[in-house]
Amino acid sequence: MAVLTILQKLEILADAAKYDASCASSGTAKRNSLGGKGLGSTEGMGICHAYAPDGRCISLLKILLTNHCVFDCHYCINRKSSNVVRARFSPQEVVDLTLAFYRRNYIEGLFLSSGIVKSSNHTMEQLVEVTRILREEHDFRGYIHLKTIPEADAEIVHQAGLYADRVSINVELPTDSGLTRLAPDKDARQIEGAMGRVKSDISELKDAHKRFKHAPRFAPAGQSTQMIVGADAATDADIVGKASRLYDSFGLRRVYYSAFSPIPDASAVLPLKRPPLIREHRLYQSDWLMRFYGYKPTEVMQATEADGNLPLDIDPKLAWALKFREQFPVDVNRATREQLLRVPGLGVKAVGRILASRRHRSLRLDDVALLTQSVTKVRPFICTVDWRPVLLTDRADLRSLLAPKTEQLELFAA
């Protein structure tokens, strides 16, 4: 078997990591090396790979330690029965790559995942060793996101959280039946048990840090997870319900949604084509409604259509408003913040501007137009001093009026 060079390994293992979407880098503790100590930073600008909530671009070296795997998950290109070129980094090689890329200003952090080689414990130990060398031997202060293995011993996963800024454990699929069918080597109870232990470790060390200044931090950026969309028969209502339960049970920072992508030599039990990418986008929008707009999971589920999926032509917020028109129109000069957040077309910032402006004078429709990106979507659902929608809110064709217009783009248009 030919020995691969570092560059050849990097090409294989960086490409293999592209299927994992959960690589945002927000919420961690602020560290840097401006004082002359250490190397790296959790902040800064660079090549864009992930976005923080405040809009900063965070560049991450995103690779697998290895794409060898003893598991045979049908949806995974790296499953043991897959006919792909295999490669494997040593922990020191990952460390050397990370430091070399950082010194060239290519990256600000590392996103490291892996297939399962030899055993879950062996692989997890190798992942932890990468982070140990970076933190202890090189005083690396950049961001590290480590994908942990739920089948590994709890003590090894605990060590990962002491070095990494964020840890994540993928639940993979929205339903237990889907996981049993498509990932026979994984167990839903085991995955959630590992997530529960991580939550407990985060809480315990956060409390300890409040009492003792030098207490160690454990995954200061929290934990996240990812669900594959469209690989099984789970509906958007199933996915929203699962995401809500994960947020409530494990205090997750994020649930990521990844549209299933057909892979070479795919298993016969998988769909032949990927779901529309807009479906993934609608799920992220529904996630935002629950996290920032005060919607309950049952309310988001009410926005789904007869098949249990969110409409693709309009966003979930508009879909809910059209189903519950009796809640509208709302008076922008009198409505509560919660009521305004339900208005299609009004985001959190726009609602904040409206609340601040109406303290000084009564708002007119032109005022609202200045405070929002587009007043067209807002008009049927609000009242102002000089505007009432009259019958507009109840029009049977309101959905078609507000749905984004589709257009065919020209390849060689000027």
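Residues numbered from 1 in each chain as written. Predicted model: local features only at pLDDT ≥ 70, side-chain atom pairs only at ≥ 80, totals over all residues. Heavy atoms only, no water.

## Concerning the overall build of the protein
Part 1: In terms of helices and strands, the protein carries 14 helices and 10 strands.
Part 2: When each of the 414 residues of the protein is scored for burial, the buried share is 52%.
Part 3: Carbon and sulfur atoms make up 53% of the accessible area of the protein, which totals about 20300 Å². (Helix = DSSP H or I, 4+ residues; strand = E, 2+ residues; numbered from the N terminus. Buried < 20%, exposed > 50% of the residue type's maximum accessible area, 1.4 Å probe, protein only. Areas by Shrake-Rupley, 256 points an atom, 1.4 Å probe, with all protein chains shown as cover.)

## Overview of helix H2 (residues 91-103)
Part 1: With 13 residues, H2 extends 19 Å between its outermost C-alpha atoms, agreeing within 8% with the 18 Å of an ideal straight helix rising 1.5 Å per residue.
Part 2: Taken residue by residue, H2 has Pro-91, Val-94, Val-95, Leu-97, Thr-98, Leu-99 and Tyr-102 as its buried positions.
Part 3: Backbone geometry just after H2 places Asn-105 at a positive phi near 65°. (Expected span 1.5 Å × (residues − 1).)

## Details of a nonpolar patch on the surface
Part 1: Residues Trp-288, Phe-292 and Val-348 make up a contiguous nonpolar surface patch of roughly 260 Å² in combined accessible area.
Part 2: In this structure Trp-288 comes out as partly exposed when scored by relative accessible area, which is 39%. (Patch = residues over 30% accessible without salt bridge, like charges linked within 9 Å, V, L, I, M, F, W, Y side chains within 5 Å. Salt bridge = Lys/Arg side-chain N within 4 Å of Asp/Glu carboxyl O.)

## Overview of the sheet that holds strand S6 (residues 166-168)
Strand-to-strand pairing in sheets goes through backbone hydrogen bonds, with the strands running parallel or antiparallel.
Part 1: The strand order across the open sheet formed by 6 strands is S3-S4-S5-S6-S7-S8, and the pairing between neighbours is parallel. Edge positions in the sheet fall to strand S3 (60-64) and strand S8 (254-259), since each of these pairs with one other strand and no more. Sheet twist, expressed as the mean angle between neighbouring strand axes with direction ignored, is 20°.
Part 2: Bridging between strand S7 (residues 223-229) and S8 involves 6 bridges; their strand directions are parallel. The residue of S8 that forms the bridge with Gln-226 is Tyr-256.
Part 3: Sheet strands touched by helix H3 (residues 120-138): strand S4 (109-113) and strand S5 (143-147). Its angle to S5, the strand with the most contacts, is close to 170°. (Pairing = 2+ DSSP bridges. Axes fitted to C-alpha atoms, helices over the stretch in contact; angles between N-to-C directions. Contact = heavy atoms within 4.5 Å.)

## A word on the side chain of Thr-148
Part 1: Its location among the elements puts Thr-148 in the loop between S5 and helix H4 (154-163).
Part 2: Owing to a relative accessible area of 5%, Thr-148 belongs among the buried residues under this scheme.
Part 3: If near-sequence neighbours (up to four positions away) are discounted, Thr-148 is found in contact with Met-124, Val-157, Ala-160, Val-167, Ser-168 and Ile-169.

## A look at the environment of Thr-175
Part 1: Structurally, Thr-175 can be placed in the loop between S6 and helix H5 (176-182).
Part 2: Residue Thr-175 is classed as partly exposed on the basis of its relative accessible area of 21%.
Part 3: Between the C-alpha atom of Thr-175 and that of Met-227, which follows or precedes it by 52 residues, the distance is 9.8 Å.
Part 4: Setting aside residues no more than four positions away along its own chain, Thr-175 makes contact with Asp-232, Ala-234 and Asp-238.

## A closer look at unusual backbone geometry
Part 1: Looking along the chain, the bond that leaves Phe-328 and enters Pro-329 is cis, with omega of 0°.
Part 2: The phi dihedral of Asp-139 falls on the positive side, at around 50°, and the residue is not glycine.
Part 3: Mapping Asp-139 onto the fold places it in the loop between H3 and S5.
Part 4: A positive phi angle, close to 70°, is found at Glu-172, a residue other than glycine.

## Focus: the pattern of salt bridges
Part 1: All chains considered together, the criterion is met by 21 salt bridges.
Part 2: For the salt bridge of Arg-141 with Asp-139, the shortest nitrogen-to-oxygen distance reads 3.1 Å.
Part 3: Looking at Arg-141, the relative accessible area reads 23%, which means it is partly exposed.
Part 4: Linking Asp-313 and Arg-399 is a salt bridge whose minimum nitrogen-to-oxygen distance equals 2.6 Å. Residue Asp-313 is located in the loop between helix H9 (297-302) and helix H10 (316-323), and its partner Arg-399 is located in helix H14 (residues 398-402); the two are separated by 86 residues in the primary sequence.
Part 5: Since its relative accessible area comes to 35%, Asp-313 is described here as partly exposed.

These figures capture arrangement, not role.
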